[in-house]
Amino acid sequence: MTSQNIENFRLTVLNPGGRDPEQKFHSVPDPGEGPHPPINFHAFAACTFGAFHRDTRRAAGEKTPVLLLLRSDFRASERALIELKKDGRTVALSLKETGLHQIAQQLREPGKLSRFIKIVTQADTCVATTPEAAEIYQRVRSKHDPATVAFIPTPYPIEDQRWDFSMPRNGQSGIFVGTREWDVPSRNHFAALLVARELCKTTGEPVTVVNLDGHKGQRLLGELNFPEGKLRLIEKWKAYPDYLRDVAQHKIALQLDRSHVPGQVAGDALLCRIPCVGGDGAIERIAFSKTCGEGRTINEVASMALDLLKNPELREAVVAESQEHAQERLSFGVVRSQLGKFFAQLQGATAF
């Protein structure tokens, strides 16, 4: 494949039987344009000016390689794989939910595990959005060339000024808590709230928490006794641009997530140009390596967060470094090229 063909590479993402409607990305959409923002798996379609589908025949009709998502009981994905291969499509696979706890939950039933192994071994390749998922796919595909599995992080349109949600530094205040799930042990949401409360008491900075659990969530948060007037709740789903504008008003995003997820909280922080502290998602490890939680204790994360809240110059330095790393590894242009080269390796000199 020539460099021009790689640059023009297009990818179709298929979530068979999913709820998201068909979406074609002829260009990078404006914030708020289209039914779904160009993040997570939609970002692979968006960065390659490809398409996102839930209907297998329409996905095959794009005449491009297909990234097939594994969801639910995997039956629809299995049928889609058979149909796509009959049509001659090159098919890459990925679990739709790729945090380690999510993978464990999906594969704890014998039938689903059997189906997963069968599908993963029959596909042309696997694209993993975390290094850990890549290692799992490689082990399942032990009889295949390891080069047929790639870790490719979900990209963010950081090079597009329309997606720069940064706010004036003198208008920022407070801590945004990135997690929201009380009942997932690896999220460590309770511990993150305790750290946020401590930082609030020490610095006077307010804390913002997403609570989608209604009255129960309010009662749980009430038990933590945040300083009066310092706890702000977001209690309804917002359009993605509106959510980013909320996040951008803060000095830092804080979490203690140990789920090894792709890292949307960190991706949001990149678009908002604020530091992300304490998680271990793939994007955090790439863009915020000096403030992520990988290999660090809760006390160490709390200390880093305190330093960042007190020191605007340090925040600026972390943001600048994160943008540099993101431009090198996470931008739409870079990931489009990475995808093109990876699929070219699979198909040799055949143009798509």
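On a predicted model such as this, the values are computed, not experimentally measured, just so you know.

Concerning the overall build of the protein chain
Helices and strands together make up the secondary structure of the protein chain, namely 15 helices and 12 strands. Since a compact globule built from 352 residues should have a radius of gyration of about 20 Å, the 21 Å found for the protein chain is in line with a globular shape. For the protein chain, the C-alpha atoms occupy an extent of roughly 65 × 45 × 35 Å along the three principal directions. The buried share among the 352 residues of the protein chain stands at 53%. The contacts in the protein chain between residues at least 6 apart in sequence include a share of 72% that link residues at least 24 apart. Working note: accessible area of the protein chain is about 15400 Å², and carbon and sulfur atoms make up 48% of it. One finds the centroid of the 45 positive side-chain charges in the protein chain at a distance of 5 Å from the centroid of its 42 negative side-chain charges.

Considering the sheet that holds strand β2 (residues 23-24)
Strand pairing in a sheet is mediated by backbone hydrogen bonds. Such pairs are either parallel or antiparallel. Strand order across the open sheet formed by seven strands is β2-β3-β1-β4-β5-β6-β7, with mixed pairing between neighbours. Lying at the two open borders of the sheet, with one neighbouring strand each, are β2 and β7 (149-151). Pairing between β2 and strand β3 (residues 51-53): two bridges, direction antiparallel. Counterpart to K24 in the pairing with β3 is A51. Running at roughly 160 degrees to strand β4 (residues 66-70), helix α4 (residues 75-86) makes contact with β1 (12-14), β4 and β5 (91-95) of the sheet.

What about the pairing of strand β9 (residues 207-210)?
The two faces of β9 match: V207 and V209 on one face and T208 and V210 on the other face are all buried. For strand β8 (residues 175-177) and β9, the ladder comprises two bridges, and the chain directions are parallel. Residue pairing for β9: I175 is matched across the bridge by V207. Following the chain from β8 across helix α8 (residues 189-203) to the adjacent parallel β9, one finds a crossover that is right-handed.

Structural notes on the pattern of salt bridges
Pairs can form between side chains of opposite charge whenever their charged atoms are close. A full pass over the atoms with the stated rule returns 23 salt bridges. Among the ionic pairs, K96 bridges to E97, the shortest N-O distance being 3.9 Å.

Comments concerning the sheet that holds strand β11 (residues 252-254)
One open sheet accounts for five strands, arranged β10-β9-β8-β11-β12; its pairing is parallel. Since the sheet does not close on itself, it has two edges, and those belong to β10 (231-234) and β12 (276-277), each with one partner. The strands that helix α13 (residues 298-310) touches are β8, β11 and β12; relative to β11, the one it contacts most, it runs at about 165 degrees.

Looking at the pairing of strand β6 (residues 125-128)
Residues of β6 alternate between two faces, with T125 and V127 on one and C126 and A128 on the opposite face, all of them buried. In the sheet, β5 pairs with β6 via two bridges, with the strands oriented parallel. Each residue of the ladder has a partner; that of A92, found in β6, is T125. Once the chain exits β6 it traverses helix α7 (residues 131-140) before rejoining the sheet at β7, and the crossover so formed is right-handed.

Digging into the nonpolar core
Formed by 76 residues in total, the largest nonpolar core has its most connected members in V13, F44, L67, L254 and L339. Top contributing element to this core by residue count: α8, with seven residues.

Some thoughts on the packing of aromatic side chains
Per the stated rule, a full pass over the model turns up seven aromatic pairs. Ring geometry for F342 and F343: centres 5.6 Å apart, planes at 75 degrees, overall edge-to-face. Here F342 and F343 have matching classes, each one buried. An aromatic cluster is defined as three or more aromatic residues linked by ring pairs; in this entry it consists of F9, F342 and F343. Over the aromatic face of F74 sits the side chain of K112, whose NZ or CZ is 5.0 Å from the ring centroid.

Some details on the environment of F44
Of note, F44 is situated in helix α2 (residues 41-47). You can call F44 buried: its relative accessible area is 0%. Placed 232 residues apart in sequence, F44 and C276 show a C-alpha to C-alpha distance of 23 Å. Among residues more than four places away in sequence, those in contact with F44 are L11, V13, L67, T129, I152, P153, T154, P155, V335 and L339.

Cut-offs applied
Residues numbered from 1 in each chain as written. Predicted model: local features only at pLDDT ≥ 70, side-chain atom pairs only at ≥ 80, totals over all residues. Heavy atoms only, no water. Helix = DSSP H or I, 4+ residues; strand = E, 2+ residues; numbered from the N terminus. Rg over C-alpha atoms; globule rule 2.2 N^0.38 Å. Buried < 20%, exposed > 50% of the residue type's maximum accessible area, 1.4 Å probe, protein only. Contact = heavy atoms within 4.5 Å. Areas by Shrake-Rupley, 256 points an atom, 1.4 Å probe, with all protein chains shown as cover. Lys, Arg positive; Asp, Glu negative; His and termini not counted. Charge placed at Lys NZ, Arg CZ, Asp CG, Glu CD. Pairing = 2+ DSSP bridges. Axes fitted to C-alpha atoms, helices over the stretch in contact; angles between N-to-C directions. Right-handed = clockwise from strand over helix to strand, strands pointing away. Salt bridge = Lys/Arg side-chain N within 4 Å of Asp/Glu carboxyl O. Core = buried A, V, L, I, M, F, W, Y, C linked by side-chain atoms within 4.5 Å. Phe/Tyr/Trp six-rings, centres within 6.5 Å; stacked < 30°, edge-to-face > 60°. Lys NZ or Arg CZ within 6 Å of the ring centre and 35° of its normal.

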